[in-house]
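Architecture and fold: a report
One letter stands for each residue in the lines below.
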Amino acid sequence: MVTSIPALTAGRLTRPDGAVIHYETGGEGPAVVFAHGLGGNHLSWWQSAPVFAERHRVVAFSHRGFWPSTVASGVPDPQLYAGDLVALLDHLGIDKAVIVGQSMGGWTCAETALAAPDRVAGLVMACTSGSFDYDHFGDAGVAAWRKAAPAAIDALAKRGIHRAAGARMAEEQSALHALYQAVDRLSLGLDKVEIGNRIRAMRTRRPEDAARIACPVLFVTGEEDLLICPRGVELVAGRFPKGRFVSVPVSGHSVYFERAAIFNALVDGFLGEIGWR
């Protein structure tokens, strides 16, 4: 028997500064919001949003400036991401949600939970520590990763492989890798180097900030991640009152895309654990 998957409908929210936030939503039940990374947009969640819409109200949106969302002018300011998300929750009549953030989306997760804790039932930090710094721990594993990662990333570029997808996805799932690249290209003209610089400048949060996030938090990372240090994510996760860390084998920076079935199962289990059904 074929299961009927709820249809998602598109909408747009215009912010006071002229930015337009594109979103898609559908399904019924406790809300789950998906926040994409630097190489994506709302389409990045094509393997997750429809699945969770069977039992939840889902929202997948594109951050300001990421296709098809827009900004009035200039480079999008990541400092505004959390405010955009809270405004989107208001616009959709959602009082509280679990936020799932991939890479850059982890900044949106963390900053929203700090700014509006009453609106966040839980966080899933996918291949990210968000705005939380892990270099200050002085960990040898982080230092070794810092030393090795740049050369490995350069090697990917020389082979035409997307750094956020990784060699394993490109070699084992070439069509999936091509789709990942195509989704990234939709934000043509967006200065992602500058946005990356801006989000890295925001990585100033310390353990005392983590202690302020009382909701359950699931950290999921790929053991082969070259962009966000897996050991660093593990260290940060240990500072959250209700944090849990999971490392996914044979996976890079985009577990949600590369190992979608595993990722969805982990998120579904987390939702069950916190009673978000």
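Every value quoted in this text rests on a predicted model; they were computed, and no experiment measured them.

**Some points on the state of the cysteines**
Under the counting rule described, the total for this entry stands at 0 disulfides. The thiol sulfur of Cys127 is not disulfide-bonded, and the nearest other cysteine sulfur, from Cys229, lies at 12 Å. What makes Cys127 buried here is its relative accessible area of 1%. Given a relative accessible area of 1%, Cys229 falls into the buried group.

**Notes on unusual backbone geometry**
In terms of backbone geometry, most residues other than glycine have negative phi values and most peptide bonds are trans. The omega torsion of the bond from Trp67 to Pro68 falls at -5 degrees, within 30 degrees of zero and hence cis. Backbone geometry places Ser103, a non-glycine residue, at a positive phi of 50 degrees. By secondary structure assignment, the location of Ser103 is in the loop between strand S5 (97-102) and helix H3 (105-115). Given the relative accessible area of 11%, Ser103 is considered buried. Positive phi values are uncommon outside glycine, yet Val250 reaches one of about 40 degrees. Here Val250 is to be found in the loop between strand S8 (243-248) and helix H10 (255-258). Judged by relative accessible area, Val250 falls into the partly exposed class, the value being 36%.

**Focus on the packing of aromatic side chains**
Aromatic rings in a pair are described by how distant their centres are and how their planes are angled relative to each other. Using the criterion set out here, one finds 10 aromatic pairs in the structure. Look at Phe219 and Phe240: their rings are 5.2 Å apart centre to centre, the planes differ by 70 degrees, and that puts the pair in the edge-to-face class. Taken as a pair, Phe219 in strand S7 (residues 217-222) and Phe240 in the loop between helix H9 (230-237) and S8 lie far apart in primary sequence, 21 residues in all. Three or more aromatic residues joined by ring pairs make a cluster, and in this case those are Phe34, Trp45, Trp46, Phe52, Tyr180, Tyr256, Phe257 and Phe263.

What counts and how
- Residues numbered from 1 in each chain as written.
- Predicted model: local features only at pLDDT ≥ 70, side-chain atom pairs only at ≥ 80, totals over all residues.
- Heavy atoms only, no water.
- Disulfide = S-S within 2.5 Å.
- Buried < 20%, exposed > 50% of the residue type's maximum accessible area, 1.4 Å probe, protein only.
- Helix = DSSP H or I, 4+ residues; strand = E, 2+ residues; numbered from the N terminus.
- Phe/Tyr/Trp six-rings, centres within 6.5 Å; stacked < 30°, edge-to-face > 60°.

Shape is all these values report; function is a separate question.
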